Amino acid sequence: MWARGLGVETVRAVLAVAFGPLDLHRVWAALSPANTVSEETLLRAGFVDEERIRQHVFVDVIGEVPVIRAHAA
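This is a predicted model, so every value here is computed, not measured. (Residues numbered from 1 in each chain as written. Predicted model: local features only at pLDDT ≥ 70, side-chain atom pairs only at ≥ 80, totals over all residues. Heavy atoms only, no water.)

Caption draft 1: Summary view of the overall build of the chain. What the chain contains, in helices and strands, is two helices and three strands. Counting from the amino terminus, the chain carries its helices and strands in the arrangement α-β-α-β-β. Buried positions account for 26% of the 73 residues belonging to the chain. Total accessible area computed for the chain in this model is approximately 5500 Å², and 59% of it derives from carbon and sulfur atoms. (Helix = DSSP H or I, 4+ residues; strand = E, 2+ residues; numbered from the N terminus. Buried < 20%, exposed > 50% of the residue type's maximum accessible area, 1.4 Å probe, protein only. Areas by Shrake-Rupley, 256 points an atom, 1.4 Å probe, with all protein chains shown as cover.)

Next up, the structure:
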């Protein structure tokens, strides 16, 4: 059931609406660096690594720094 590309298709569909009818110029996503599946999905959908936010959110995992990925029109 997993690894069929449905996540990438879904992200691309959302981007089509965001950059089409909604006329947005940028979409971003924050994710945990430990979530490698989401990271791969965003990269395959065309998102790029934009920044890492240090001391933004305190979590139980020491050393975890949220990653920001963005996709521009």
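Caption draft 2: Fine view of a nonpolar patch on the surface. Together, Val17, Leu22 and Leu24 line one region of the surface with nonpolar side chains, adding up to about 260 Å² of accessible area. Relative to the helices and strands, Val17 is located in helix α1 (residues 6-19). Judged by its relative accessible area of 43%, Val17 falls in the partly exposed class. (Patch = residues over 30% accessible without salt bridge, like charges linked within 9 Å, V, L, I, M, F, W, Y side chains within 5 Å. Salt bridge = Lys/Arg side-chain N within 4 Å of Asp/Glu carboxyl O.)

Caption draft 3: Expanded view of the side chain of His71. Along the polypeptide, His71 turns up in strand β3 (residues 67-72). Judged by its relative accessible area of 17%, His71 falls in the buried class. Discounting chain neighbours no more than four positions away, the residues touching His71 are Leu15, Phe19, His25, Arg26, Val27, Ala45, Gly46 and Phe47. (Contact = heavy atoms within 4.5 Å.)

Caption draft 4: Structural view of the environment of Ala34. Relative to the helices and strands, Ala34 resides in the loop between β1 (26-31) and α2 (36-44). Once the C-alpha coordinates of Ala34 and Val67 are considered, the two residues, 33 residues apart in sequence, prove to be 10.0 Å apart.

Caption draft 5: Molecular detail of the packing of α1 against α2. In contact at an axis separation of 9 Å, α1 and α2 are set at 50° when each is read in the N-to-C sense. As judged from the angle between their axes, α1 and α2 are oblique. α2 is crossed by α1, and the crossing has right-handed handedness. In contact with Gly7, Val8, Val11 and Arg12 of α1, α2 contributes Thr41, Leu42 and Arg44. Here the contact of α1 with α2 is built from residues that sort into three nonpolar, two polar and two charged. (Axes fitted to C-alpha atoms, helices over the stretch in contact; angles between N-to-C directions. Parallel < 35°, antiparallel > 145°, perpendicular 65-115°, else oblique. Left-handed = near helix turned anticlockwise from the far one by under 90°. Nonpolar A, V, L, I, M, F, W, Y, C, P; charged D, E, K, R; others polar.)

Caption draft 6: Region of the structure containing the confidence of the model for the chain. Counting all residues, the mean pLDDT for the chain is 80, and 75% of those residues have values of 70 or more. Summarising per-element confidence for the chain, the mean pLDDT is lowest in strand β2 (residues 48-52) (77) and highest in α1 (93). (pLDDT = per-residue confidence, 0-100.)

Caption draft 7: View of unusual backbone geometry. Its identity is not glycine, yet Asp23 carries a phi of approximately 55°, on the positive side. Looking at where Asp23 falls in the secondary structure, it is placed in the loop between α1 and β1. Under the relative-accessibility criterion, Asp23 is labelled exposed at 62%.

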